[in-house]
Amino acid sequence: MFGLELSFIWAGIIAFAVLTYVILDGFDLGVALLFPVTKDEGERNVMMNSVAPVWDGNETWLVLGGGGLFAVFPLAYAVVMPALYMPIILMLLGLVFRGVAFEYRWRTKGWKPLWDMAFFGGSLTAAMCQGIALGALVQGIEVTGRAYSGGWWDWLTPFSIVTGIAVTAGYALLGATWLVLKLEGRVQAHMRELAWPLTLATLVFMAIFSLWTPFTEAVYFERWFTWPTAIFSVTVPFLVLLCAGGVFYGLRNYHDATPFLCALALFVLGFAGIGISFYPWLVPPSLTIEQAAAPDESLAFTLVGTLVLIPLILAYTAYAYWVFRGKIDPEEGYH
Amino acid sequence: MPDAMTAELLARIQFAFTVSFHIVFPAFSIGLASYLAVLNGLWLWTRDEAYHTLFNYWKKIFAVAFGMGVVSGLVMSYQFGTNWSVFADKAGPVVGPLMAYEVLSAFFLEAGFLGIMLFGRNRVGDGLHMAATAMVAFGTLLSATWILSVNSWMHTPAGYGINDVGQFVPVDWWKIVFNPSFPYRLVHMVLAAYLTTALVVGAVAAWHLLHDNRNRAARRSFSMSMWMLCIVTPLQIFAGDQHGLNTLEHQPAKVMAMEGHYDSHPDGAPLILFGIPNSEEKRVDYAVQIPKLSSLILKHDLNAPLAGLDTIPEADQPPVGIVFWSFRVMISLGFLMLGLGFWGLWARMRDRLYDAPWLHRAAVAMGPAGFVAVLAGWITTEVGRQPFTVYGLLRTADSLAPVQAPAVAASLIAFVVVYFFVFGAGVYYILRMMAKEPTPAARLGLRDGPVRAAGSVAAHDDDQNPAMAE
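Notes on the structure follow. (Residues numbered from 1 in each chain as written. Chains lettered and ligands numbered in written order. Predicted model: local features only at pLDDT ≥ 70, side-chain atom pairs only at ≥ 80, totals over all residues. Heavy atoms only, no water.)

### A few points about the overall build of chain A
What counts, and what does not: Secondary structure elements are defined from DSSP: runs of H or I of at least 4 residues count as helices, runs of E of at least 2 residues count as strands, and each element is numbered from the N terminus. Any residue under 20% of the maximum accessible area for its type is buried, any over 50% is exposed, and the rest in between are partly exposed; the area is computed with a 1.4 Å probe on protein chains only. Residue contacts follow a heavy-atom distance rule, with two residues in contact if any of their heavy atoms lie within 4.5 Å. To be clear on the numbers: accessible area is Shrake-Rupley with a 1.4 Å probe, and residue cover counts the displayed protein chains and nothing else.
Of regular secondary structure, chain A possesses 13 helices and four strands. Taken over the C-alpha atoms alone, chain A extends approximately 60 × 40 × 40 Å along its principal axes. Within chain A, the fraction of its 335 residues that count as buried is 61%. Across chain A, the fraction of contacts at a sequence separation of at least 24, relative to all contacts at a separation of at least 6, is 80%. Accessible surface for chain A amounts to roughly 12800 Å². Of this, 73% is attributable to carbon and sulfur atoms.

### Remarks on the overall build of chain B
Under the convention used in this document: Values of the radius of gyration come from C-alpha atoms, whereas the globule rule sets the reference at 2.2 Å times the count of residues to the power 0.38. Think of it this way: Lys and Arg go in the positive column, Asp and Glu in the negative one, and His and the chain ends go nowhere. All charge positions are set by atom: Lys at NZ, Arg at CZ, Asp at CG, Glu at CD.
Helix and strand counts for chain B stand at 13 helices and six strands. Relative to the compact-globule value of 23 Å for 470 residues, chain B shows a C-alpha radius of gyration of 24 Å, a close match. For chain B, with 470 residues in total, the buried portion stands at 60%. Excluding contacts between residues fewer than 6 apart, the proportion of contacts in chain B whose partners are at least 24 apart in sequence is 76%. Total accessible area on chain B stands at roughly 18500 Å², and carbon and sulfur atoms take up 67% of it. Of note, chain B has its 30 positive side-chain charges centred 10 Å away from the centre of its 33 negative side-chain charges.

### Some thoughts on helix α3 (residues 85-119) of chain B
Put simply, the test is: Multiplying one less than the number of residues by 1.5 Å gives the expected span of a helix. Bend at a residue means the angle formed by two fitted axes: the first through the 7 residues ending at that position, the second through the 7 residues beginning there.
With 35 residues, α3(B) should cover 51 Å at 1.5 Å per step; its first-to-last C-alpha distance of 40 Å lies more than 12% under that length. A maximum bend of about 85 degrees is found in α3(B) at Gly92(B), where proline Pro93(B) lies one to four positions downstream.

### A look at helix α7 (residues 158-182) of chain A
In this model α7(A) runs 36 Å from its N-terminal to its C-terminal C-alpha over 25 residues, within 8% of the 36 Å that 1.5 Å per residue would give. Counting buried positions over the 25 residues of α7(A) gives 21, a clear majority of the element.

### Regarding empty space enclosed by the protein
To find the voids left in a structure, one rolls a probe of water-molecule size over its atoms. Formally: The way it works is a 1 Å grid over only the protein atoms, where trapped points that fit a 1.4 Å probe form a cavity and open points with protein on both sides within 12 Å along at least five of seven lines form a pocket, and then any residue with an atom within 4 Å of a point lines it. Grid points are joined across faces, edges and corners, and a volume is the space filled by probe spheres set on the points. Each residue is assigned to one of three groups, with Ala, Val, Leu, Ile, Met, Phe, Trp, Tyr, Cys and Pro labelled nonpolar, Asp, Glu, Lys and Arg labelled charged, and all others, Gly among them, labelled polar.
Under the counting rule described, the total for this entry stands at six cavities of 30 Å³ or more. Approximately 170 Å³ is the volume attributed to the largest cavity. Lining the largest cavity are 20 residues, with Trp55(A), Phe102(A), Glu103(A), Leu114(B) and Leu118(B) sitting closest to its centre. Put simply, the parts of the chain that give the lining of the largest cavity at least two residues each are α3 (55-72) and α5 (85-104) of chain A together with α2 (49-82) and α3 of chain B. Partitioned by chemical class, the residues of the lining of the largest cavity number 14 nonpolar, four polar and two charged. The volume enclosed by the second largest cavity comes to roughly 90 Å³. Lining of the second largest cavity is provided by Pro53(A), Val54(A), Trp55(A), Asp56(A), Gly57(A), Asn58(A), Thr317(A), Ala320(A), Tyr321(A), Phe108(B), Ala111(B) and Gly112(B).

### Quick word on the pattern of salt bridges
To be explicit about the condition: When a carboxyl oxygen of Asp or Glu is within 4 Å of a side-chain nitrogen of Lys or Arg, the pair counts as a salt bridge.
By the definition in use, this model includes 20 salt bridges over all chains. Put simply, Arg146(A) and Asp89(B) hold a salt bridge, and the shortest N to O gap is 2.8 Å. One end of the pair, Arg146(A), is in the loop between β1 (143-144) and β2 (147-148); the other, Asp89(B), is in helix α3, on a second chain. The partly exposed category is assigned to Arg146(A), whose relative accessible area is 30%. Judged by its relative accessible area of 5%, Asp89(B) is buried. Residue Arg385(B) pairs with Glu382(B) through a salt bridge whose shortest N-O separation is 2.5 Å. Arg385(B) sits in the buried class, given a relative accessible area of 6%.

### A short note on the side chain of Asn45(A)
By secondary structure assignment, the location of Asn45(A) is in helix α2 (residues 41-49). Discounting chain neighbours no more than four positions away, the residues touching Asn45(A) are Arg105(A), Trp106(A) and Lys112(A).

### Re the side chain of Asn151(B)
Residues and elements named next belong to chain B. What counts here: What qualifies as a polar contact is a pair of N or O atoms within 3.5 Å, subject to a donor-acceptor requirement within protein and to the restriction that residues adjacent in sequence count only when both atoms come from side chains.
Within the secondary structure layout, Asn151 lies in helix α4 (residues 121-155). A distance of 3.2 Å separates polar atoms of two side chains, one belonging to Asn151 and the other to Glu382. Not counting residues up to four positions away in its chain, the partners in contact with Asn151 are Arg185, Trp378, Glu382 and Arg385.

### A look at the pairing of strand β4 (residues 283-290) of chain B
Each regular strand displays side chains that alternate between the two surfaces of the sheet. Residue and element names in this part refer to chain B. For clarity, the threshold we go by: At least two DSSP bridges between two strands are needed for those strands to be called paired.
Summarising the sheet, strand β3 (residues 271-278) and β4 pair through six bridges and their orientation is antiparallel. Residue pairing in the sheet places Pro277 in a bridge with Val284 of β4. The hairpin turn running from β3 into β4, its antiparallel successor, is four residues long, and Lys282 in that turn takes a positive phi close to 60 degrees.

Here you go:
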């Protein structure tokens, strides 16, 4: 009984790490996705500087998501990684290009356009691959014994492509609303305009994803269309519309923080929706949370430190955000 | 594709390639983070402008190196799953928690405070900025601690049991973390990181001294780096010797390969200085050797018997040639570092530390020696533990993911192309930054006011001027 509880606590912690990753790196990937919107070097500089002090901490949540899965659900990790081989490798390569662009961009004049491209292209690749990986996971992973037994291209389907576009559109929305919050002047006005179509695109793709998901697995269908869990089917879309309304309201009334916070809430809701479908699976339709869990000794040992360290991490991360609060000063930067 | 290129071989090449690229950056950034903390502390304490100049100079280089370390490390953390998923499943319950602790306690700390260290001095003030710099340095050391604990456990597994599905399960965490080779490996690696950084800092300083030996910042950093070399190199040689004895106790086959001992020596083994290991004939060709010395070094007794590879089943033997040579590269560089350190000491005693062009040229030449030694050392220890991933318990061949050779080949090619391009560019930018003299902001005439007024920090760092962006 105790072991059962531990694995569920851990599923919650991993879900929290992944959600935190998605909303934090989501907006800084989104900022990169919006780079082509302006050709002006100064404007690109402030866009990048709005995330430069925090992006590294944001991306660390991805390492925690992967590392945490390895630590407490090694079987799930061992099954999912080979199944998503290509999107994972492509995502990593994308993140390599984008990560180095933060420094390289300032170290060259002639090659600056190249690193701008790397920043945008790397982020686009990473965002698409993360969405595709999510879609592939939702549609199910084939397992025989303790190993992945599906095909090489199983991850590539119309459904996973739609998920990829949905996540990318959502990240761009997060990036645009973040820039509305952090910048002033011409770029801000531009982002405020862009946030409208991006919100609509995010809503449309969320709707397609949500309507499609129940038809990829019988159990999802049951979860969303039978009592009592069908209650989610009514409430979640209602809340989504409420949040989208919040984005529009904030944009129209020049409340700079509201659109960003409402866009974050949209992601939380989408994530909750996926959680509702998945439970109690970790890798549908093959592994439940319990089956994939490491022995109790591993779960307990890791949990002790995690319960101390995660609040500490959240505290100093919040402090770092506090230090760099307010609008970006175009003159500032360490480069 | 030739048949010999199996998925296993390709996956091994891929791991070796990505980890070799990765190790270079932490080796540099562990040392550099501590150096930055020391420089920042000395500046706050003495208000000597040279320290401030050096801090700002190395800070930018650190940022580029750290960025490369982060992205190449990210790749590593996922590779256990993509290419070595059987290892991940089996060793995950033991290895995974240690890596999770690395992320939670160290990685977040570095990443969280890096922003404040790089961009925040004017926002948080000197005290908190110092604290952030110290946190980054502490984070890099903590990170090394966890990673070396994991790595050491794979070499000298302890505190585990094996369950009914063949997974390693933790029995005693204390024994797992503090496994027999961990303390030796950790000390050896951290000292190696400090030496690597000292050599780079020394080379850059020497380069600038050769052009202008009155540059105060260059003088200061050259002096610091020479002190570091002559103090740390002897410590490192001692630590390396202790590590070797530990390896002999727990992984004798590795030491046999390092020493080139194909045969057992019942009455004292010679030290083979040079030679060409011939694994077909099971002997070292053209060997130059000193009788009995190997026994003296390893057993502290001239006539102590020493077992050879003939006592190890063929299937469990590591490849001798690579281990033999990489070990010699590391040792030779270690002694060259010692020589440079003592040369520096001698020049200092004669009061010619800043006026010794040949010393400076030697220091420039030795700049990359730390990286080469670190890589050689890792090759020695990692190739030397083959054919196992978990020593004696899990074979490399049995750790592989169910992936096909073309997939691993494609991703390997992608990594090679991207790494050479991306990290090549990074190294180029770092070298270009190093080619610039460390100069205090005031001398460049970029600012109107005095460098500091009444002991307070100037409002803007030199590097915040757009003219310096290049």
